[in-house]
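# Working through the structure, step by step
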Amino acid sequence: MEPLLSRLRPRKEQGTYALSLVYGKTVYHYLISQDKAGKFCIPEGTKFDTLWQLVEYLKLKADGLIYRLKEACPNSSASAEAAAPTLPAHPSTFTQPQRRVDTLNSDGYTPEPARVASPDKQRPMPMDTSVYESPYSDPEELKDKKLFLKRENLLVADIELGCGNFGSVRQGVYRMRKKQIDVAIKVLKHGTEKADKDEMMREAQIMHQLDNPYIVRLIGVCQAEALMLVMEMAGGGPLHKFLIGKKEEIPVSNVAELLHQVAMGMKYLEEKNFVHRDLAARNVLLVNRHYAKISDFGLSKALGADDSYYTARSAGKWPLKWYAPECINFRKFSSRSDVWSYGVTMWEAFSYGQKPYKKMKGPEVLDFIKQGKRMECPPECPPEMYSLMSDCWTYKWEDRPDFLTVEQRMRNYYYSLASRAEGSPQCGQVAEAACG
Ligand code: ADP
Ligand code: MG
């Protein structure tokens, strides 16, 4: 049975609220109270500093309620806000329909509400999503743009989206002036050295300078219970995981579409003179089946205006199978070495999530490459695409194509497929919007 209505109202007893959920013919009442420290919670539930954070959390997780909060009774919002000292004059949480993170279910995609009516509802376009433009593209929101975010505007839920050496990436919500957005929050784990904090801040500083539809944007950094890097959400997970076992379901044209988007993001980085240094399918995150973004700028560097490469002082924990020979031999990193990694990423995608150089160890790969050998063409991979990835694996960096060329070749190929396919009216639209 569909849950019907929820309602939040302040109680006579100062600082407490009643949350009522209707389910079928039954009304369930929950008491929201504040503990001695002023934190809000439902009985036995997770505690939050503000009512707004608690309500946003209960939209993501039932946490003991009969169901997750959907929409609250609009009438209740004004009074609840007026009575709640912790809720500043922001758009009401309670009157907004529940936002959901895009999910990639087995039958495809749950689209976000499109801004422009799409001619084909099954086929959402990147520009129809909320993460195509920066949340700061609105001049009103831009007024508040700062690297450091206020903790009270951030909800960090105990829902893990992924993890790494630094700690975990959690789902959350960030409240802006006029809207609130879904975010992914990289939380630095406790007990880390200052060096780790510095590293995370360097990652934030890099991301802060980038703004492109095909790159995960940084919203800001929050220093509170831990150092947190707040990013826009790409909830579909990493590209290689998405593709595993989906040869039947995801056509080659869809793979080419996503790889073309990665090429557009990389072309932007190349133009801005940034090197990524960790381009791999694991660091390409999906917003939905037809929309990819480059993420993980943990190893990235901004090059000097007159420099075309960065020389690492010493070798580190490097993803050797994705690295060009000059990275391993001379610790030299450029957009051309990112092109090599792009080739490996292409291979991963067209092999539907296989691991590159399967049985080989990292150092063996360099020998293999030096002998002039390269990975074979994956069974599903079109010859045009294998030819491009082979060019990305040109030994000498001077002879390798740049992203300007790679993007053009990807675009030509993808559009040739799209125009061959029946009923693809948006093809021209993509060309104009994305590459115009
Ligand atoms: P690491 O440096 O440890 O590789 P990543 O930045 O790649 O960290 O993040 C690790 C994982 O966290 C990703 O594989 C993904 O599952 C999740 N994640 C990271 N950023 C986001 C994001 N913006 N949206 C959704 N999930 C994310
Ligand atoms: Mg990563």
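None of these values were measured; they are calculated from a predicted model.

### Here's the deal with the overall build of the protein chain
When you go through the protein chain residue by residue, the secondary structure sums to twelve helices and 17 strands. A buried classification covers 52% of the 436 residues belonging to the protein chain. Here the contacts in the protein chain between residues at least 6 apart in sequence split such that 62% fall between residues at least 24 apart. Approximately 20700 Å² of the protein chain is accessible, and the part contributed by carbon and sulfur atoms is 52%.

### Concerning the pairing of strand β14 (residues 291–294)
The alternating pattern of β14 places Tyr291 and Lys293 and Ala292 and Ile294 on opposite faces, both of which are buried. Note that strand β13 (residues 284–288) and β14 share four bridges and pair antiparallel. Its bridge partner lying in β14, leucine 286 is registered against alanine 292. Between the end of β13 and the start of β14, which pair antiparallel, lie two residues.

### Considerations on the side chain of serine 341
Relative to the helices and strands, serine 341 resides in helix α8 (residues 335–350). The class for serine 341 is buried, based on a relative accessible area of 2%. Residues within four places of serine 341 in sequence aside, it is in contact with Leu279 and Trp322.

### Some remarks on the coordination of the magnesium ion (ligand 2)
Around the magnesium ion (ligand 2), the protein contributes the donor atoms Asn283 (OD1) and Asp296 (OD), at 2.2 Å from the metal centre. Taken as a pair, asparagine 283 in the loop between β12 (274–275) and β13 and aspartate 296 in the loop between β14 and β15 (301–302) lie far apart in primary sequence, 13 residues in all.

### Some remarks on the pattern of salt bridges
Going through the model one piece at a time under the given rule, you end up with 21 salt bridges. Note that lysine 59 and glutamate 56 form a salt bridge whose closest N and O atoms lie 3.0 Å from each other. A residue pair is termed a helical-turn pair when its members lie 3 or 4 positions apart in one helix, as lysine 59 and glutamate 56 do in helix α1 (residues 51–60) at three residues. Judged by its relative accessible area of 1%, glutamate 56 falls in the buried class. Note that arginine 282 is salt-bridged to aspartate 278, the shortest N-O span being 2.9 Å. In this structure, a network of salt bridges that share partners links the residues Glu140, Lys143, Asp144 and Arg177.

### Side note on the pairing of strand β10 (residues 218–223)
Across the six residues of β10, five count as buried, placing the element largely inside the fold. Turn length for the β10-strand β11 (residues 227–232) hairpin, with the two strands adjacent in sequence and antiparallel, is three residues.

### Description of the site of ligand 1
Every one of the 17 residues lining ligand 1 counts as a neighbour, but Phe166, Lys186, Glu232, Ala234 and Asp296 are closest to it. Within the backbone of leucine 161, an N or O atom sits 3.1 Å from an oxygen atom of ligand 1. The separation between an oxygen atom of ligand 1 and a polar side-chain atom of lysine 186 is 3.0 Å. With the chains in place, 84% of the 560 Å² that ligand 1 exposes on its own is no longer accessible. Contributing elements (two or more residues each) for the shell around ligand 1: β7 (154–164), β9 (180–188) and β11. If one sorts the elements of the shell around ligand 1 by residue count, β7 sits on top with four residues. Residue composition of the shell around ligand 1, grouped by class: eleven nonpolar, three polar and three charged.

### Re the confidence of the model for the protein chain
Taken over all residues, the pLDDT of the protein chain has a mean of 86, while the share at 70 or more is 83%. In the predicted structure, residues 73–103 sits below a pLDDT of 50 and forms 85 contacts with residues beyond four places in sequence or in another chain. Confidence drops under a pLDDT of 50 for residues 105–120, and excluding neighbours within four residues, the segment shows 28 contacts in the predicted structure.

### A short note on helix α9 (residues 362–370)
Residues three or four positions apart in an α-helix share a direction because the helix packs 3.6 residues into each turn. Of all the residues in α9, the buried ones are Val365, Leu366, Phe368 and Ile369. The buried residues of α9 occupy an angular sector of 160° when projected down its axis, which confines them to one face. Buried residues along α9 sit in contact with α7 (325–330) and α8. Of the residues trailing α9, glycine 372 is marked for its positive phi of about 85°.

### Brief notes about the sheet that holds β9
Sheet architecture is open: five strands sit in the order β7-β8-β9-β11-β10, paired in antiparallel fashion. Looking along the sheet, the strands with just one partner apiece sit at the ends: β7 and β10. Across the sheet, the mean angle separating the axes of adjacent strands is 30° when strand polarity is ignored. Where β10 and β11 come together, five bridges link them in antiparallel fashion. Directly across from glycine 220, in β11, lies its bridge partner valine 230. Helix-sheet contacts for helix α4 (residues 194–208) involve β9, β10 and β11, and the interaxial angle to β11 is about 25°.

Conventions we followed
- Residues numbered from 1 in each chain as written.
- Chains lettered and ligands numbered in written order.
- Predicted model: local features only at pLDDT ≥ 70, side-chain atom pairs only at ≥ 80, totals over all residues.
- Heavy atoms only, no water.
- Helix = DSSP H or I, 4+ residues; strand = E, 2+ residues; numbered from the N terminus.
- Buried < 20%, exposed > 50% of the residue type's maximum accessible area, 1.4 Å probe, protein only.
- Contact = heavy atoms within 4.5 Å.
- Areas by Shrake-Rupley, 256 points an atom, 1.4 Å probe, with all protein chains shown as cover.
- Pairing = 2+ DSSP bridges.
- Donors = N, O, S within 2.8 Å, 3.2 Å for Na, K, Ca; no water.
- Salt bridge = Lys/Arg side-chain N within 4 Å of Asp/Glu carboxyl O.
- Near = heavy atom within 4 Å.
- Polar contact = N/O pair within 3.5 Å; in protein donor to acceptor, adjacent residues only side chain to side chain.
- Nonpolar A, V, L, I, M, F, W, Y, C, P; charged D, E, K, R; others polar.
- pLDDT = per-residue confidence, 0-100.
- Arc of directions from axis to C-beta.
- Axes fitted to C-alpha atoms, helices over the stretch in contact; angles between N-to-C directions.

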